[in-house]
Amino acid sequence: MFEFLGFGRNKESTPASQRPPAAAQSASAAPKNLDKQREMLRLALSAVLRRHGIPSQWIGCDITPLAQPAATEVLLTQLTLLHWHDALMHYAPALQDELFKEIHLFDHSVRAESFLFVWKFAPQSGHPTGPLPAPEFWTAPAQAPVAAPLPAAAIPAEPRPKFDLPKSALDDGDDDQGFPATQVRDRI
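Right, let's walk through the structure included here. (Residues numbered from 1 in each chain as written. Predicted model: local features only at pLDDT ≥ 70, side-chain atom pairs only at ≥ 80, totals over all residues. Heavy atoms only, no water.)

**Concerning the pattern of salt bridges**
Turning to step 1, where the next piece is worked out: Throughout the structure, instances matching the rule amount to 4 salt bridges.
Turning to step 2, where the next piece is worked out: For Arg38, the salt bridge is made with Asp62, and the minimal N-O distance between the two is 3.2 Å. In this pair, Arg38 is assigned in helix 1 (residues 21–51) and Asp62 in strand 1 (residues 59–66), connecting sequence segments 24 residues apart.
Turning to step 3, where the next piece is worked out: On the basis of relative accessible area, Arg38 is assigned to the partly exposed category, the value being 34%. (Salt bridge = Lys/Arg side-chain N within 4 Å of Asp/Glu carboxyl O. Helix = DSSP H or I, 4+ residues; strand = E, 2+ residues; numbered from the N terminus. Buried < 20%, exposed > 50% of the residue type's maximum accessible area, 1.4 Å probe, protein only.)

**Overview of helix 2 (residues 92–106)**
Turning to step 1, where the next piece is worked out: Helix length check: helix 2, at 15 residues, gives a terminal C-alpha distance of 21 Å against a target of 21 Å (1.5 Å per residue), a fit within 8%.
Turning to step 2, where the next piece is worked out: All of the buried residues along helix 2 are Ala92, Leu95, Leu99, Phe100, Glu102 and Ile103. The arc enclosing the buried residues of helix 2, seen along the axis, measures out at 160 degrees, which places them on a common side. Opposite the packed face of helix 2, turned more than 90 degrees from it, sit the exposed residues Lys101 and Leu105. (Expected span 1.5 Å × (residues − 1). Arc of directions from axis to C-beta.)

**A few points about the packing of aromatic side chains**
Turning to step 1, where the next piece is worked out: A complete count under the given rule lists 4 aromatic pairs for this structure.
Turning to step 2, where the next piece is worked out: Their ring planes at 50 degrees and their centres at 6.1 Å tell us that Trp84 and Phe121 sit as a pair that is tilted. One end of the pair, Trp84, is in the loop between strand 2 (74–81) and helix 2; the other, Phe121, is in strand 3 (residues 115–121), and 37 residues separate them in sequence.
Turning to step 3, where the next piece is worked out: Looking at Phe121, the relative accessible area reads 38%, which means it is partly exposed.
Turning to step 4, where the next piece is worked out: Seen in terms of ring centroids, Phe137 and Trp138 are 4.8 Å apart; in terms of plane orientation they differ by 85 degrees. Their pairing is edge-to-face. (Phe/Tyr/Trp six-rings, centres within 6.5 Å; stacked < 30°, edge-to-face > 60°.)

**Side note on the environment of Gln124**
Turning to step 1, where the next piece is worked out: Locating Gln124 in the fold gives a position in the loop between strand 3 and helix 3 (135–139).
Turning to step 2, where the next piece is worked out: Gln124 sits in the exposed class, given a relative accessible area of 68%.
Turning to step 3, where the next piece is worked out: Residues Gln124 and Leu82, 42 residues apart in the sequence, show an inter-C-alpha distance of 7.1 Å.

**Looking at the side chain of Thr77**
Turning to step 1, where the next piece is worked out: In this structure, Thr77 sits in strand 2.
Turning to step 2, where the next piece is worked out: Apart from the residues lying within four places of it in its own chain, the contact partners of Thr77 are Leu41, Asp62, Ile63, Phe115, Leu116, Phe117 and Val118. (Contact = heavy atoms within 4.5 Å.)

**A few points about the sheet that holds strand 1**
Turning to step 1, where the next piece is worked out: The strand order across the open sheet built from 3 strands is 1-2-3, with neighbouring strands paired in mixed fashion. Looking along the sheet, the strands with just one partner apiece sit at the ends: strand 1 and strand 3. This sheet shows a mean twist of 25 degrees between the axes of neighbouring strands, independent of strand direction.
Turning to step 2, where the next piece is worked out: Sheet topology note: the strand 2/strand 3 ladder contains 7 bridges and is parallel. Within strand 3, the residue paired with Leu79 across the bridge is Trp119.
Turning to step 3, where the next piece is worked out: Against the sheet, helix 2 contacts strand 1, strand 2 and strand 3, and its axis sits at roughly 135 degrees relative to strand 3. (Pairing = 2+ DSSP bridges. Axes fitted to C-alpha atoms, helices over the stretch in contact; angles between N-to-C directions.)

Following this line, the structure appears as C-alpha cells:
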C-alpha cells in the first residue's frame, strides 16, 4: 500500500537506472580531466628534456590521481628512468623543479602541493647492480656530483676564417665609384 514511499522494498533491489545521476557524471568527468593532465605532463616533460639536451627516450612518465578525504586532489607523477646515466640522479630534484615550472606555464592555477613526484627504475635501464656498499661508504664525506657533459650542440664551435675571393683587375680600377666589383655598372 505504501510502496510509493519506499516502504516494504528491499534496498538492494534498486535498479541501476534509479541511482542518482551525479555519481555517474563525476565518474565520467574525471577521465577527461585526467587525459588533459597526462597530455600536459607529457608535453612539459618533453620540453624540459629537449631544453636540457636529455634524450626523450631516457625518461617516461605517467600520472595517477590520488583522492584524499577532505583535501584537494593530488596527482601522483611517476617518472620512469628508462636509461641509466650516473649524473641524472644527482640532478633529479632540479629536473622535478623544472618540470613543475613547465607545468605551471601550461596551467597557472596548479600548485606544488598538487603534485607528488616518484621515481621508478626500469629493469632494462642499465642501472648499477650488485650488493650495497659497506657501512663506511655511507659515513664518508659525499663527493660533489660530476657535471654532465654538454651536448654537442651546446659546445661552441671555433670561428672559421673569413672566405674571400682573390682580387682581380676590376677591383682596383678608378671607375668603380666606391661600389664593389660585383655591382653592375652602366657603361655609356
